[in-house]
Amino acid sequence: EVQLVESGGGLVQPGGSLRLSCAASGFTFSTYSINWVRQAPGKGLEWLSYISPSSNTIYYADSVKGRFTISRDNAKNSLYLQMNSLRDEDTAVYYCARRGYSGYEFDYWGQGTLVTVSS
Amino acid sequence: QSVLTQPPSVSAAPGQKVTISCSGSSSNIGNNYVSWYQQLPGTAPKLLIYDNNKRPSGIPDRFSGSKSGTSATLDITGLQTGDEADYYCGTWDTSLSGGPVFGGGTQLTVL
């Protein structure tokens, strides 16, 4: 069974940093691209970042470019999101989501981890 | 403001059919496959439809998708109370900023 489990969320002050993790199991992690997607309270889905299987290709949304860094450790079946210079508007549930075979869809999602940016 | 436009809410009675629309442009829906996601209250999104009209294993055929030009639709027939959820369309956008994009979501109420 494919599983993605996020961790690392919590309360952080504006300007602070946080590192999220996503532990994968039930599939060959090293052969799939993975994404981070967030959802602010009561709002819709926002794609944040993409990383290819070997980390050769990385993309970011404009809203987080220069502040967030995506990375992965295939030996540990894990994905990470280093978030710096956090702002109030970064408050959201953060999901890791696997890119599907077709390439246009997210076929499996984690349960999400809540990040709250507040003083 | 989402790149893809969905109605904020739709409603229908149990057993009826509902259609959720998703409007975009040539830089996204017009030239890329569309997917649909169901988000039940308090849970993570779940893939319902991919490649415009394909269903992952385990998704009932009550759910169907289609695409025409720069718009896509999700049809749900034989509505059940358990279908009450938020539904999101998604695709890729090939404009300058690029990347995956989603609609703003549609809240389905089964009356």
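Before any of the text, the structure's been laid out above.
Residues numbered from 1 in each chain as written. Chains lettered and ligands numbered in written order. Predicted model: local features only at pLDDT ≥ 70, side-chain atom pairs only at ≥ 80, totals over all residues. Heavy atoms only, no water.

### Here's the deal with the overall build of chain A
Argument step 1. The secondary structure content of chain A amounts to zero helices and eleven strands.
Argument step 2. Mapped in sequence order, the helices and strands of chain A form the string β-β-β-β-β-β-β-β-β-β-β.
Argument step 3. For 119 residues, the compact-globule estimate of 2.2 N^0.38 gives 14 Å, and the C-alpha radius of gyration of chain A, at 13 Å, lies within 12% of that figure.
Argument step 4. For chain A, the spread of C-alpha atoms along the three principal axes comes to 40 × 25 × 25 Å.
Argument step 5. Per-residue burial for chain A yields a buried fraction of 48% across its 119 residues.
Argument step 6. Counted over contacts in chain A with a minimum sequence separation of 6, partners at least 24 positions apart contribute 52%.
Argument step 7. Counting every atom, chain A has about 5,400 Å² of accessible surface; 46% of that belongs to carbon and sulfur.
Argument step 8. Here chain A carries 10 positive and 10 negative side-chain charges, and the mean point of each set is 5 Å from the other. (Helix = DSSP H or I, 4+ residues; strand = E, 2+ residues; numbered from the N terminus. Rg over C-alpha atoms; globule rule 2.2 N^0.38 Å. Buried < 20%, exposed > 50% of the residue type's maximum accessible area, 1.4 Å probe, protein only. Contact = heavy atoms within 4.5 Å. Areas by Shrake-Rupley, 256 points an atom, 1.4 Å probe, with all protein chains shown as cover. Lys, Arg positive; Asp, Glu negative; His and termini not counted. Charge placed at Lys NZ, Arg CZ, Asp CG, Glu CD.)

### Topic: the interface of chain B and chain A
Argument step 1. At the interface, 19 residues of chain B touch 18 residues of chain A.
Argument step 2. Summed over both sides, the interface of chain B with chain A buries roughly 1,600 Å², with 66% coming from carbon and sulfur.
Argument step 3. Sorting the residues of chain B by area buried against chain A places B:Pro45, B:Trp92 and B:Phe102 first, and these three jointly supply 34% of that buried surface.
Argument step 4. The interface formed by chain B and chain A contains zero salt bridges.
Argument step 5. Connecting chain B to chain A are seven residue pairs in polar contact (both at pLDDT 80 or more).
Argument step 6. Among the secondary structure elements, those contributing two or more residues to the side of chain B that touches chain A are strand 3 (35–39), strand 7 (85–93) and strand 8 (99–102) of chain B.
Argument step 7. Taken together, the residues of the side of chain B that touches chain A sort by class into ten nonpolar, eight polar and one charged. (Buried area = accessible area lost by both parts, 1.4 Å probe. Salt bridge = Lys/Arg side-chain N within 4 Å of Asp/Glu carboxyl O. Polar contact = N/O pair within 3.5 Å; in protein donor to acceptor, adjacent residues only side chain to side chain. Nonpolar A, V, L, I, M, F, W, Y, C, P; charged D, E, K, R; others polar.)

### Examining the side chain of A:Ser49
Residues and elements named next belong to chain A.
Argument step 1. With respect to the helices and strands, the residue serine 49 is situated in strand 5 (residues 45–51).
Argument step 2. Residue serine 49 is classed as buried on the basis of its relative accessible area, which comes to 0%.
Argument step 3. Within the structure, serine 49 has its side chain in polar contact with the backbone oxygen of tyrosine 59 (distance 2.9 Å).
Argument step 4. Sequence-distant contacts of serine 49, defined by excluding residues within four places in its chain, comprise Ile34, Asn35, Trp36, Tyr59, Tyr60 and Ile70.

### Regarding the sheet that holds strand 7 (residues 68–73) of chain A
Residue and element names in this part refer to chain A.
Argument step 1. Pairing within the open sheet is antiparallel, and its four strands lie in the order 1-3-8-7. Edge positions in the sheet fall to strand 1 (3–7) and strand 7, since each of these pairs with one other strand and no more. On average, adjacent strands in this sheet sit at an angle of 15 degrees to one another, irrespective of strand direction.
Argument step 2. Bridge analysis of strand 1 against strand 3 (residues 18–25) gives five bridges, and the strand direction is antiparallel. Residue leucine 4 lies in a different strand from strand 3, and its bridge partner there is alanine 24. (Pairing = 2+ DSSP bridges. Axes fitted to C-alpha atoms, helices over the stretch in contact; angles between N-to-C directions.)

### Remarks on the pattern of salt bridges
Argument step 1. The final tally for this structure, using the stated rule, is seven salt bridges over all chains.
Argument step 2. Notably, a salt bridge pairs A:Arg38 with A:Glu46, separated by 2.7 Å at the nearest N-O pair.
Argument step 3. You can call A:Glu46 partly exposed: its relative accessible area is 29%.
Argument step 4. B:Asp83 is the partner of B:Arg62 in a salt bridge, and the nearest nitrogen-oxygen pair spans 2.8 Å.

### Notes on the state of the cysteines
Argument step 1. The final tally for this structure, using the stated rule, is two disulfides over all chains.
Argument step 2. One disulfide in the model links A:Cys22 with A:Cys96; its S-S distance is 2.1 Å. As the torsion about the S-S bond is roughly 65 degrees, the A:Cys22-A:Cys96 disulfide counts as right-handed. With a gap of 74 residues between them, A:Cys22 in strand 3 and A:Cys96 in strand 9 (residues 92–99) connect regions that are remote in the sequence. In this pair, the class of A:Cys22 matches that of A:Cys96, namely buried.
Argument step 3. There is a disulfide in this structure between B:Cys22 and B:Cys89, and the S-S distance comes to 2.0 Å. What sets the handedness of the B:Cys22 and B:Cys89 disulfide is the S-S torsion sign, and at about 75 degrees it is right-handed. With B:Cys22 in strand 2 (residues 18–23) and B:Cys89 in strand 7, this pair connects stretches of sequence that are 67 residues apart.
Argument step 4. Residue B:Cys22 is classed as buried on the basis of its relative accessible area, which comes to 1%. (Disulfide = S-S within 2.5 Å.)

It is worth stressing that arrangement in space is one thing and function is another; only the former is reported here.
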